[in-house]
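Residue strings, one per chain:
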Amino acid sequence: MKKNKKKIIIANMKMNGSLNFNIDYLNAIKINFNNYKNLNIGLCVPYPYLFQAKEFLKGSNIGWGSQNVAKFENGPHTGEVSAEMLKDFDSQYVIVGHSERNTAYCESDENIANKFERIKKYKMSPVLCVGETLIEREAGIMERVVSSQIDTIIQIYGAEIFEDSIVAYEPIWAIGSDMAATPIQANKMCNFIKEHICKSYNSDFENFNIIYGGSVNSKNAVQLFTSESLDGVLIGRASVNIDEFSQICSTADSS
Ligand code: PGA
């Protein structure tokens, strides 16, 4: 990671937490994580806890947000939560296209593109997850898979929509598996993604970031943070363990 650039740490709490758990968790984060000078930390919480995250974290250096958004504007869409509503809670980050959602709810690339656009419209940062399955990696087609996930967004909205956004390379085989990508694999794919998006944009991005996610923990973080092409990490399980999360952030801050 570049020495003089703030590293991005996105925590994906997934469907974890409770009002009680969050009191200690958010307090610990606010107290222990507020002084990191070299990090931009964003906590993506389940929707019902957005208000609590906002109450605890407002005035701190830590951002918050959600793990999904509706592709629609406000209206007759039972059970959905719009980008406007997320903005109402001062959300800064929205994860979109996570493979756990794509698999369980059959999200198409077009849906994901529409959600991405909604997030941008309300001036929040999308954290777009892209990545290949193990079969696709073994077949050597990971670059083709990842570029087609990205190209739908570029075709509909143009590459400039990636300004002020984050793309997370999250190989599906590495998520929840304790089999993180090696720094070499992560570096190579993050480099590829950055080049792929930049070549479609006829200007330079001012703020466009690529991060890695998939079984990040306090041990492999040390190596991952040495990868030149990574601007940060997306952390799932390890982010709800405050000791692990602290160690990762402390490593990131000092690397
Ligand atoms: P994990 O999850 O760190 O638990 O592998 C990462 C993610 O799904 O974003």
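Remember, it's a predicted structure, so these values are computed and weren't measured experimentally. Sequence positions are assigned chain by chain, starting from 1 and proceeding in written order. At least 70 in pLDDT is required for a residue's local features to be given in this predicted model, at least 80 for side-chain atom pairs to be given and counted, and no such filter applies to totals for whole chains, interfaces and linings, which use all residues. No hydrogens and no water enter the side-chain calculation; it runs on all heavy atoms of the structure.

Draft legend 1. Just the sheet that holds strand β8 (residues 232–235), in detail. Pairing is parallel around the closed barrel formed by eight strands, whose spatial order is β1-β2-β3-β4-β5-β6-β7-β8. Averaged over all pairs of adjacent strands, the angle between strand axes in this sheet comes to 25 degrees, irrespective of strand direction. When DSSP finds at least two bridges between two strands, those strands are taken to pair. Helix numbers and strand numbers start at the N terminus; a helix is a DSSP run of H or I with at least 4 residues, a strand a run of E with at least 2. Across six bridges, the pairing between strand β1 (residues 7–12) and strand β2 (residues 39–44) is parallel. Looking across to β2, one finds that Lys-7 is bridged to Leu-39. We call two residues in contact whenever any of their non-hydrogen atoms come within 4.5 Å of each other. Here an axis means a line fitted to C-alpha atoms, over the contact stretch when the element is a helix, while the angle between two N-to-C directions is reported on a 0 to 180 degree scale. Packing against the sheet, helix α5 (residues 109–121) makes contact with β4 (93–96), β5 (125–130) and β6 (165–169), and its axis sits at approximately 160 degrees to β5.

Draft legend 2. Highlighting the site of the ligand. Taken together, Asn-12, Lys-14, His-98, Glu-170, Ala-174, Ile-175, Gly-176, Gly-214, Ser-215, Leu-234, Gly-236 and Arg-237 make up the full set of residues adjacent to the ligand. The separation between an oxygen atom of the ligand and a polar side-chain atom of His-98 is 2.6 Å. Here an oxygen atom of the ligand sits 2.8 Å away from a polar atom, N or O, in the side chain of Glu-170. For the accessible areas, the method is Shrake-Rupley and the probe is 1.4 Å, while residue cover comes only from the protein chains on display. Its free accessible area being 280 Å², the ligand has 99% of it covered by the protein chains. The class makeup of the residues in the shell around the ligand is three nonpolar, six polar and three charged. Any residue with at least one heavy atom within 4 Å of a molecule or strand is counted as near it. Side-chain atoms alone can form a polar contact between residues adjacent in sequence; in general such a contact is a pair of N or O atoms within 3.5 Å, and within protein one must be able to donate a hydrogen while the other accepts it. Residues were grouped as follows: Ala, Val, Leu, Ile, Met, Phe, Trp, Tyr, Cys and Pro as nonpolar; Asp, Glu, Lys and Arg as charged; and all remaining residues, including Gly, as polar.

Draft legend 3. Here's a closer look at the nonpolar core. We define the nonpolar core as a collection of buried residues of types Ala, Val, Leu, Ile, Met, Phe, Trp, Tyr and Cys that are connected through side-chain atoms lying within 4.5 Å of one another. Each residue's exposure class comes from its accessible area (1.4 Å probe, protein chains only) as a fraction of the maximum for that residue type: buried when under 20%, exposed when over 50%, partly exposed otherwise. Residues Ile-9, Phe-162 and Phe-245 are the most contacted members of the largest nonpolar core, which totals 67 residues. Excluding anything up to four places from it in sequence, Phe-245 contacts Ile-9, Ala-11, Tyr-25, Ile-29, Phe-33, Ile-41, Leu-43, Ile-235, Ala-238 and Ser-239. Core analysis: the second largest hydrophobic core is formed by eleven residues, Cys-44, Ile-95, Ile-211 and Leu-234 among them.

Draft legend 4. Structural view of the state of the cysteines. Any cysteine sulfur atom paired with another within 2.5 Å is treated as part of a disulfide. For the coordinates displayed, the defined rule picks out zero disulfides. Left without a disulfide partner, Cys-106 is nearest to the cysteine sulfur of Cys-129, which lies 17 Å away. Looking at Cys-106, the relative accessible area reads 67%, which means it is exposed. Lacking any disulfide linkage, Cys-190 is separated from the closest cysteine sulfur, that of Cys-129, by 12 Å.

Draft legend 5. Expanded view of the pattern of salt bridges. The working definition used for a salt bridge is a side-chain nitrogen of Lys or Arg within 4 Å of a carboxyl oxygen of Asp or Glu. Following the criterion strictly, the structure yields twelve salt bridges and no others. Glu-55 is the salt-bridge partner of Lys-58, the closest N and O atoms lying 3.3 Å from each other. Here Glu-55 falls in the partly exposed class, since its relative accessible area comes to 36%.

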